[in-house]
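Below are the chains, spelled out letter by letter.
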Amino acid sequence: MSSAETTRVGAVRNPLWTFGILRSELTTTLRRWRTLALLGVLAAVPVLIGIAVRIETADGSSAGPGGGEGGGGPAFLSQVTNNGLFLVFASLAATLPVFLPMAVGVIAGDSVAGEANAGTLRYLLVAPAGRTRLLLAKYAVMLGFCLVATLVVAASALAVGALLFPVGEVTTISGTTIGFGEGLLRAGLVAVFVAASLTGFAALGLFVSTLTNSGIAAMAATVGVLITVQIVDTIPQLSGVHPYLFPHYWLSFADLLRDPVYWDEALKNLGLQAVYAAVFGSAAWARFTAKDITA
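Nothing here was measured: the structure is a model prediction, and the numbers come from that model.

Parameters and conventions
Residues numbered from 1 in each chain as written. Predicted model: local features only at pLDDT ≥ 70, side-chain atom pairs only at ≥ 80, totals over all residues. Heavy atoms only, no water. Axes fitted to C-alpha atoms, helices over the stretch in contact; angles between N-to-C directions. Helix = DSSP H or I, 4+ residues; strand = E, 2+ residues; numbered from the N terminus. Parallel < 35°, antiparallel > 145°, perpendicular 65-115°, else oblique. Left-handed = near helix turned anticlockwise from the far one by under 90°. Contact = heavy atoms within 4.5 Å. Nonpolar A, V, L, I, M, F, W, Y, C, P; charged D, E, K, R; others polar. Phe/Tyr/Trp six-rings, centres within 6.5 Å; stacked < 30°, edge-to-face > 60°. Buried < 20%, exposed > 50% of the residue type's maximum accessible area, 1.4 Å probe, protein only. Salt bridge = Lys/Arg side-chain N within 4 Å of Asp/Glu carboxyl O.

Remark: helix α8 (residues 131-164) packs on helix α10 (residues 199-209), axes separated minimally by 10 Å, with the N-to-C direction vectors making an angle of 140°. Between α8 and α10, the angle falls in the class oblique. Pair α8 / α10 crosses with right-handed handedness. Residues Leu-135, Lys-138, Tyr-139, Met-142, Leu-143 and Cys-146 of α8 form the contact with α10, whose participating residues are Thr-199, Ala-202, Ala-203 and Leu-206. The class makeup of the residues in the contact of α8 with α10 is 8 nonpolar, 1 polar and 1 charged.

Bringing the packing of aromatic side chains into the picture now. The description of an aromatic ring pair uses the distance of the two centres, along with the angle that the planes make with each other. Overall, the coordinates contain 6 aromatic pairs when judged by the stated rule. Relative to Phe-246, the ring of Phe-201 has its centre 5.3 Å away and its plane inclined at 25°; by these criteria the two rings are stacked. Of this pair, Phe-201 sits in helix α10 while Phe-246 sits in the loop between α11 (215-232) and α12 (264-290), and the two are 45 residues apart along the sequence. For Phe-246, a relative accessible area of 2% gives the class buried. When the centroid spacing of 5.8 Å and the interplanar angle of 20° are considered together, the rings of Tyr-276 and Phe-280 count as stacked. Here Tyr-276 and its partner Phe-280 are both found in helix α12, 4 residues apart, which amounts to about one turn of the helix. Overall, Phe-280 belongs to the partly exposed group, its relative accessible area being 22%. An aromatic cluster of three or more residues is present, and its members are Phe-201, Phe-207, Phe-246, Trp-250, Tyr-276 and Phe-280.

On to α10. A large share of α10 lies buried, amounting to 10 of its 11 residues. Every buried residue belonging to α10 is among Thr-199, Gly-200, Phe-201, Ala-202, Ala-203, Leu-204, Gly-205, Leu-206, Val-208 and Ser-209, and all of these are buried.

To continue, consider the pattern of salt bridges. According to the stated counting rule, one finds 4 salt bridges in the structure shown. Close ionic contact of Arg-32 with Asp-110 constitutes a salt bridge, the shortest N to O distance being 3.8 Å. Residue Arg-32 is located in the loop between α2 (15-31) and α3 (33-56), and its partner Asp-110 is located in helix α6 (residues 99-118); the two are separated by 78 residues in the primary sequence. A relative accessible area of 30% means that Arg-32 is categorised as partly exposed. Here Arg-258 ties to Asp-255 by a salt bridge, and the two come within 2.9 Å at their closest N and O atoms. Since its relative accessible area comes to 18%, Arg-258 is described here as buried. Taking relative accessible area as the criterion, Asp-255 reaches 8% and is therefore assigned buried.

None of the figures reported here should be taken as evidence of function without further support.
See the structure below:
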């Protein structure tokens, strides 16, 4: 074996190369103007919700219907005026069905197809990374974006909620009261859970991105799948397939605000996301490793 081949094999086996390409991909993704614009829009949503609730309740009225047991957005909104921490939960409930997954869909759809369209995919594969490691790095970056995007929403909501409304002890959906510190921990747990809820959809977007060399087409297709599945999930006649759709249990994060925490649907959600990640991650790997890279 020549010295050049030895160097190449050593680079492939060197785990530092994997961290290097992961760091490079993550930095490149987060520095793009498109990514920053998406994060800016996500950060603006809690601001708009907070201002709207503040204006609506300026005369002392309550925002939205009374806080019921449903745990949906309106129920959280009704609690925002009493405790600004609930703006975190209301904002996540408002962004999770549309804004957060659409942002993830844009990043996921562009992950491979965008590189191919820009003519940089072949150059990435020339480096001693291999297709499998590159694909894993792409997916890891998407998971990082899911977490960053969710935390941006939560942090913005927490800041706006603390500025516009009082904060203090938190009344759970079950009617019990927990301290503000534990409420913050619950908010952090909810944010991580919401990020985890997007992992299956991110894998689906990665698979779609391996099917084409057009970043725009991949993004449009991924968002199109999201909209279609969301519509199917609202049709009563198709209730038999609802539990198998990736967004079906997304709002189960509300159960993390019960005392004690109700884990049944939350665990179903995490299990469903793991299945989607495994199935579409494997499909993306099979497609990408066999794909003829010409750009």
